[in-house]
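Structural overview for review
Listed here are the chains, written in short residue letters.
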Amino acid sequence: MTDDFIATLPGMASAAADEAARAGRLSVAQLLDALQHAFVVLDAQGRVVGYNACALQMLELPQELMQRAPLIDEVVRWQAARGDLKGDPQRLIERVWYHLRATHASGQPHVYSYTTASGRTLQGATVAVPGGGWARVYTDISKHAQALAQLRESEERFRSLTELSADWYWEWDVQGRYTRLEGRVVREQGIASMFLGRAPWEVPAANRPRPEDWQPLRDAVAQGRPFKRFEIQRTLPDGGTYWFAISGEPVRDAAGRCVGWRGIGRDVTARKNAEATIQRLAYYDDLTGLLNRRAFQDRLRQAQASSVRSGQWAALLFIDLDDFKDVNDAYGHAAGDALLRACAERLRAAVRAEDTVGRLGGDEFVVLLEDLHPQADQAAWRAQHVAEKIRQVVQQPVVVDGHDLTVTPSIGITLFAGQEESAADILGRADLAMYHSKAAGRNAVQFFDPSMQAAVVQRATLQRELRHGLRDGELLLFGQPIVDVRAQVCGHEALLRWRHPVRGMVPPAEFIPVAEQTGLILPIGQWVLREACRVLARWAADPARAGWTLAVNLSARQLRQPDFVDSVRQALHAAGADPRRLKLELTESLLLHDVEDTIAKMEALAGLGIQFALDDFGTGYSSLGYLKRLPLTQLKIDRSFVRDLLTDPNDAAIARTILQLAQSLEMEVVAEGVETAGQYEVLRAMGCRLFQGYHFGRPAPLEPAASSPEPAPPA
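Just so you know, the residues in each chain are numbered from 1, in the order the chain's sequence is written. The predicted origin of the model limits local features to residues at a pLDDT of at least 70 and limits the giving and counting of side-chain atom pairs to 80 or more, whereas totals for whole chains, interfaces and linings rest on all residues. Neither water nor hydrogens contribute to the side-chain values; these are computed over all heavy atoms in the structure.

The cut-off we apply is this: UniProt positions are given in the numbering used here, feature names are shortened, and annotations may be inferred rather than shown by experiment.
Looking at an unreviewed UniProt entry, one finds the protein named Putative signaling protein and attributed to Tepidimonas fonticaldi. According to the UniProt record, the Catalytic activity (unreviewed entry) comment for the protein is "3',3'-c-di-GMP + H2O = 5'-phosphoguanylyl(3'->5')guanosine + H(+)".

If you want it as structure tokens, here you go:
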């Protein structure tokens, strides 16, 4: 390091410094020579006035050139001639002087880099020295540049691989949110915006996975452990549905803390589609898409296990198409296949979503009905209803190539519950019942159990005849008198009767349940209301009966109809009856469902003047809170408490309690089933003021009866 060089440092100090200062500068010179950075100083004219030993070695400049204090122009020409600097020497010199002047003008250093002819990469920085001149520092960054080049090359290789494969690379932050995605699928599908900033479980999924489906992945993220092949389905911007399997591992800092995640996603759509195809071929009928024999038997075994848990009966329907071979022979197998597909669609549409439909082969179909009813007869009735519905829809013509193709089904039904028998046995029973159906003339429904078959037929016959009876005016309105404390008639309870043209009077206990189960109770209930209103209108013209009330029993189905209030209002208006003389009787069971809706409808009708009575009080469950809210005017003591009133102290206590409760609620009480003078006297002594029973009169046609009751339309 030269003394002249040292003299140029801090403010280009004067050479007249004392010996002690010179000794200090010599130690600085030694320090600069020991640096691993090249150091060059230029004066205000751009002449090299100082340099350290590293400058000669790093810049590969000859010492004889530097010793004669050359202008920077000469140094640039020498470097250009050697190949360290690329370009026209004069242009290079102009550029150097431009940056030198700029450092003085801006007060900011000029940083640049270049590669020498020997392959060394240098980074230089020029700073202005106060008083004029410049200091230039050079650092050898060859290793760093080589590392950057290798990193860029690695990135290019990585991008090439992701472009060529179905895999894509991803990174997450520590919360599992996507921060980076690379790959052909990402670029081609434009999905980065769907994913970035979201966790996988926050990205909309095509198959709407349940929250618990994500739990294994979320647990892995929460616990900072790797995961493999977690499969997700996505609908991408092109409208296509894709399956991806993602695998990942945590990224940790020096302290071992998880700071994020990285991994790959693989497009597994082709594999998932292939698996779906295999599943379909293994378990589904290729022609109709229904379950095949193997899958249906598995489903049947599951239904057996389910019936054990639920305690309800299930049914199997075996369906064979009558004369299907004739269709194939006449119109060809293509037409037969089209007919089978149409039948399959009709079967699906005829049953509930939770029911199972299968095809065993050929023209044989099966239907599995679960959770029908805890009682076998009720389950059989429901299975019969579904079978009849199927029979009706299957026999409708199917248009194929301009031809109306028609087949009829023969259906066999068997009930089952529990796992004592095999699925094959159940199928065999239904199959046998189907053959009985064919033997009975085809296009029919037969149960395997003969006794159950007879019961179902009887119920179906009763339903059909009741519908006809409603249409043909066979229903009658009877009445049983209600008397006051002096045994004077003050009203009647309307009772429905059916005079069958062949069987005579059919007991209500036999036909009312059928009407309830089939929905016929609605048109029948409407008929009863209209007829009761006409009776009230006729009574109003008779001074002896003008003050009587007529009580009509309501069914649960009636009360739940949205238009129930309007239907009552219309019946009163059409007959011209006084609503204050109409009394509607409800049972306690009606109060257990849709209480708020029931109260609203009762209050609307009470606003018209209609009275309400609670029938069979004490035999069910009634919340006293509801009793306070309901617009009731009357309670009826059930006949079961009246029957043993004289011999059973408990029944007497119950009757007395009901009377006291009614008195506190300001309600009337009617004692039902009064058959003896003793019962009448005891109840009267307890404070009861209204009575009904055989002691006062048996049910009889309400007089004067309508000459021609208006029949209601069939349900």
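Once the structure has been displayed, the description carries forward.
**A short note on the overall build of the protein**
Stated formally: The helix count covers DSSP runs of H or I at least four residues long, the strand count covers runs of E at least two residues long, and both are numbered beginning at the N terminus. Only protein chains enter the accessibility calculation, which uses a 1.4 Å probe. A residue is then buried if its area is under 20% of the maximum for its type, exposed if over 50%, and partly exposed in between. Should any heavy atoms of two residues lie within 4.5 Å, those residues are counted as being in contact. The protein chains shown are the only cover counted for residues, whose accessible areas, like all others here, come from Shrake-Rupley with a 1.4 Å probe.
Each helix and strand in the protein was counted, giving 26 helices and 27 strands. Per-residue burial for the protein yields a buried fraction of 45% across its 715 residues. The long-range share in the protein, meaning contacts at least 24 apart out of those at least 6 apart in sequence, stands at 59%. Put simply, the protein shows about 35600 Å² of open surface, and 52% of that area lies on carbon and sulfur atoms.

**Re the sheet that holds strand β4 (residues 121-128)**
This is how the line gets drawn: Only strands that DSSP links by at least two bridges are regarded as paired with each other. What counts as an axis is a line fitted to C-alpha atoms, over the stretch in contact for a helix, and the angles between N-to-C directions run from 0 to 180 degrees.
The five strands are arranged β2-β1-β5-β4-β3 in an open sheet whose pairing can be described as antiparallel. Among the strands making up the open sheet, the edge pair consists of β2 (48-51) and β3 (110-115). Pairs of neighbouring strands in the sheet enclose a mean axial angle of 20°, with direction left out of account. Relative to strand β5 (residues 134-140), β4 is paired through seven bridges, and the arrangement is antiparallel. Bridge assignment links L122 to a residue of β5, and that residue is D140. Here helix α6 (residues 89-106) sits on the sheet and contacts β1 (38-42), β3, β4 and β5; the angle it forms with β5, its principal contact strand, is near 115°.

**Describing the packing of helix α19 (residues 521-540) against helix α21 (residues 564-575)**
What counts here: Each helix crossing is assigned a hand: it is left-handed if the near helix lies turned anticlockwise from the far helix by less than a right angle, otherwise right-handed if that turn is clockwise. Each residue gets one of three labels, nonpolar for Ala, Val, Leu, Ile, Met, Phe, Trp, Tyr, Cys and Pro, charged for Asp, Glu, Lys and Arg, and polar for the others, Gly among them.
It is at 8 Å that the axes of α19 and α21 come closest, and there the two elements cross at 35°. Seen from above, α19 lies across α21 with right-handed handedness. Where α19 approaches α21, its residues Q526, L529, R530, C533, R534 and A537 are matched on the opposing element by F564, S567, V568, A571, L572 and A575. Within the contact of α19 with α21, the residues separate by chemical class into eight nonpolar, two polar and two charged.

**Notes on the nonpolar core**
Stated precisely, the cut-off is as follows: Here, nonpolar core refers to any group of buried Ala, Val, Leu, Ile, Met, Phe, Trp, Tyr and Cys residues whose side-chain atoms link them within 4.5 Å.
Counting 70 residues, the largest nonpolar core has I524, L584, L683 and F691 as the members making the most contacts within it. Here this core takes ten residues from α19, the largest share from any one element. If sequence neighbours within four positions are ignored, F691 has contacts with P481, I482, V483, D484, V485, V670, A671, V674, Y680, L683, R684 and F696. A315, L321, V400 and I413 belong to the second largest nonpolar core, which has 39 residues in total.

**A closer look at the sheet that holds strand β6 (residues 167-172)**
The five strands are arranged β7-β6-β10-β9-β8 in an open sheet whose pairing can be described as antiparallel. A strand with exactly one partner marks an edge of an open sheet, and here the two such strands are β7 (178-182) and β8 (227-235). The sheet shows a mean angle of 25° between the axes of neighbouring strands, direction not considered. As defined by bridge partners, strand β9 (residues 241-252) adjoins strand β10 (residues 258-267) across nine bridges and the pair is classed as antiparallel.

**Examining unusual backbone geometry**
The backbone of D371 shows a phi angle near 50°, a positive value even though the residue is not glycine. For D371, a relative accessible area of 38% puts it in the partly exposed group. Notably, N443 is not glycine yet its phi reads approximately 50°, a positive angle. Tracing the backbone shows N443 in the loop between α16 (423-439) and β17 (445-447). Exposure remark for N443: the relative accessible area of 24% places this residue in the partly exposed category.

**Overview of the confidence of the model for the protein**
This is how it is decided: Confidence of the predictor at the level of single residues is given by pLDDT, which spans 0 to 100.
In the predicted model, the protein carries a mean pLDDT of 85, and 87% of its residues have values of at least 70. Scored below 50 in pLDDT, residues 2-17 makes 27 contacts in the model with residues more than four places away or belonging to other chains. Below a pLDDT of 50 lies the segment residues 704-715, which in the model reaches 26 contacts outside its immediate sequence neighbourhood of four places, other chains included.

**Re the pairing of strand β25 (residues 668-671)**
Here is the rule: When the strands point away from the viewer and the connection leading from the first strand across the helix to the second strand turns clockwise, the crossover is called right-handed.
In terms of strand pairing, strand β24 (residues 634-637) meets β25 through four bridges, oriented parallel. Each bridged residue has a counterpart across the sheet, and for I637 the counterpart in β25 is A671. Two elements, β25 and strand β26 (residues 690-692), share two bridges in a ladder whose sense is parallel. Bridge assignment links V670 to a residue of β26, and that residue is L690. Regarding topology, helix α26 (residues 677-686) serves as the crossover connection from β25 to the parallel β26, and that connection is right-handed.

**Quick notes on helix α10 (residues 215-223)**
Basically, it comes down to this: To obtain the arc, one takes the directions from the helix axis to the C-beta atoms.
Taken residue by residue, α10 has L217, A220 and V221 as its buried positions. Around the axis of α10, the buried residues are gathered within 95° of arc, so they sit on the same side. Facing away from the buried side of α10 by over 90 degrees, the exposed positions are A222 and Q223. Residues of α10 that are buried sit in contact with β6, β8, β9 and β10. Once α10 finishes, G224 follows within two positions and takes phi at roughly 65°, a positive value.

**Some points on the pattern of salt bridges**
Condition: Should a side-chain nitrogen of Lys or Arg be within 4 Å of a carboxyl oxygen of Asp or Glu, the pair is scored as a salt bridge.
This model, assessed by the stated rule, comprises 38 salt bridges. Linking D329 and K325 is a salt bridge whose minimum nitrogen-to-oxygen distance equals 2.9 Å. Of this pair, D329 and K325 both sit in helix α13 (residues 324-331), four residues apart, which is roughly one turn of the helix. Considered together, D329 and K325 belong to a single accessibility category, that of exposed residues. Its salt-bridge partner being E354, residue R352 comes within 3.7 Å of it at the nearest N-O pair.

**A short note on helix α5 (residues 72-82)**
When α5 is considered as a whole, its buried residues turn out to be I72, D73, V75, V76, Q79 and A80. Buried residues of α5 fall within an arc of 160° about the axis and therefore sit on the same side. Those residues of α5 that are buried are in contact with β1, β2, α3 (53-59), α6, β3 and β5. Phi turns positive, to about 100°, at G83, one or two residues after α5.

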